[in-house]
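Each chain, letter by letter, is given below.
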Amino acid sequence: MVRVMVVDDHPLWREGVARDLTEAGLEVVATAANGTEAINRVLATRPEVLLLDLNIPAPDGVEVTATLTQRGLDTKVLVLSASGEQQDVLDAVKAGASGYLVKSASREALLDAVQAVARGESVFTPGLAGLVLGEYRRLSEAPPTDEPDAPRLTDRETEVLRLVAKGLTYKQIAERLVLSHRTVQNHVQNTLRKLQLHNRVELVRYAIERGLDD
């Protein structure tokens, strides 16, 4: 059972989302209405997924995400916001969010996204994944170089990394390569370990900087 916390300053929305999660068999360990409550209650309850609105009383959602990321918690942040603006999405991802959904997403899409983020995947409302990848391309500082001491990835790990960089979910990669979901997860975890990276966002940037998303 995935442990989830819901943060939103609108009581009806917050309670409705919490109810949907509970009815779907997830455990809602806490809710909060502002950034201070969110940080304190995450530290107290350690949810696997924090479902977080950006526009909450200070500190806002981006600041909350950055604070939790800096503390090195295992809690993954899934933003659920009314805004689909480019800057809001990029600010959230740069702060450490694992996913971003707009509030117009269906109940099924939300439930699937929570489960996916809990598994370590990145999830975005359709159209936003390309936005994030495009920003990482812009931030790439140099063309790929042959690094003599660079870790050696297997052909399969490189293939999985290439698909991760294209924004595919683990499920989609598994279907594309005719592998089990667990095998794809293992390849990603091995790649993270070899490259000394910490999460999928860093992995995507690594891949794009080396042209693996082409």
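Sequence positions are assigned chain by chain, starting from 1 and proceeding in written order. Given that this is a predicted model, residues contribute local features only at a pLDDT of at least 70 and side-chain atom pairs are listed and counted only at 80 or more, while totals for whole chains, interfaces and linings are drawn from all residues. To obtain the side-chain values, all non-hydrogen atoms of the structure were included, while hydrogens and water were left out.

## Brief notes about the nonpolar core
No. 1: One finds Met5, Val7, Leu50, Leu52, Val64, Val79 and Tyr100 to be the most contacted residues of the largest nonpolar core, which totals 24 residues.
No. 2: Helix numbering and strand numbering both begin at the N terminus, where a helix is a DSSP run of H or I of at least 4 residues and a strand a DSSP run of E of at least 2. Of all elements in the fold, only strand S1 (3–7), strand S2 (27–32), helix H2 (35–45), strand S3 (49–52), helix H3 (61–70), strand S4 (76–81), helix H4 (86–95) and strand S5 (99–102) reach the threshold of two or more residues within this core.
No. 3: The contact partners of Val7, leaving out residues within four places of it in the chain, are Ala32, Asn34, Ala38, Leu50, Leu51, Leu52, Asp53 and Ile56.
No. 4: With 21 residues, the next largest nonpolar core counts Leu163, Ala165, Ala174 and Leu203 among its residues. The set of buried Ala, Val, Leu, Ile, Met, Phe, Trp, Tyr and Cys residues whose side-chain atoms join them within 4.5 Å is what this entry labels a nonpolar core. Accessible area is worked out with a 1.4 Å probe on protein chains only. A residue is then buried under 20% of its type maximum, exposed over 50%, and partly exposed in between. Here, two residues are considered to be in contact whenever any of their heavy atoms come within 4.5 Å of each other.

## A few points about the layout of surface pockets
No. 1: Lining residues are defined by having an atom within 4 Å of a point belonging to a cavity or pocket. Those points lie on a 1 Å grid over the protein atoms alone, cavities being sets where a 1.4 Å probe fits but cannot get out and pockets being open sets with protein on both sides within 12 Å along at least five of seven lines. Grid points are joined across faces, edges and corners, and a volume is the space filled by probe spheres set on the points. In this model, the largest pocket occupies a volume close to 820 Å³.
No. 2: If you trace the largest pocket, you find 35 residues lining it, with Gly96, Ser98, His198, Asn199 and Arg200 closest to the centre.
No. 3: Going through the elements one at a time, H3, S4, H4, helix H6 (128–139), helix H9 (181–195) and helix H10 (200–209) are the ones with two or more residues in the lining of the largest pocket.
No. 4: Tallied by class, the residues present in the lining of the largest pocket amount to 12 nonpolar, 13 polar and 10 charged.
No. 5: Viewed by domain, the lining of the largest pocket spans two of them, domain 1 (3–121) and domain 2 (128–213), each represented by three or more residues.
No. 6: Of the voids in this model, the second largest pocket is the one considered here, and its volume is about 430 Å³.
No. 7: As for the second largest pocket, its lining consists of 20 residues, of which Val123, Phe124, Pro126, Thr169 and Gln172 are closest to the centre.
No. 8: For the lining of the second largest pocket, the secondary-structure elements that each account for two or more residues are helix H5 (107–118), strand S6 (123–124), H6 and helix H8 (170–177).
No. 9: Among the elements that make up the lining of the second largest pocket, the one with the highest residue count is H5 (four residues).
No. 10: Residue polarity follows a fixed list, in which Ala, Val, Leu, Ile, Met, Phe, Trp, Tyr, Cys and Pro are nonpolar, Asp, Glu, Lys and Arg are charged, and the others, Gly among them, are polar. Residues belonging to the lining of the second largest pocket are distributed by class as follows: 10 nonpolar, six polar and four charged. Source of the domain bounds: an automatic or database domain assignment.

## Digging into the pairing of S2
Side-chain direction in a regular strand flips from residue to residue, so the side chains alternate between the two faces of the sheet.
No. 1: Of the strand pairs in this sheet, S1 and S2 are connected by five bridges, and their pairing is parallel. The partner of Val6 across the bridge, within S2, is Thr31. Pairing between strands is defined by DSSP: at least two bridges between them are needed.

## Regarding the pattern of salt bridges
No. 1: Any carboxyl oxygen of Asp or Glu within 4 Å of a side-chain nitrogen of Lys or Arg constitutes a salt bridge here. Going through the model one piece at a time under the given rule, you end up with eight salt bridges.
No. 2: In this structure, the salt-bridge partner of Asp8 is Lys103, at a minimum N-O distance of 2.7 Å. Within this pair, whereas Asp8 is found in the loop between S1 and helix H1 (11–23), its partner Lys103 is found in the loop between S5 and H5, the two being separated by 95 residues in sequence.
No. 3: On the accessibility criterion, Asp8 (2% relative accessible area) is buried.
No. 4: For the salt bridge of Arg41 with Glu37, the shortest nitrogen-to-oxygen distance reads 3.6 Å. Taken as a pair, Arg41 and Glu37 lie in helix H2 at a separation of four residues, close to a single helical turn.
No. 5: What makes Arg41 partly exposed here is its relative accessible area of 34%.

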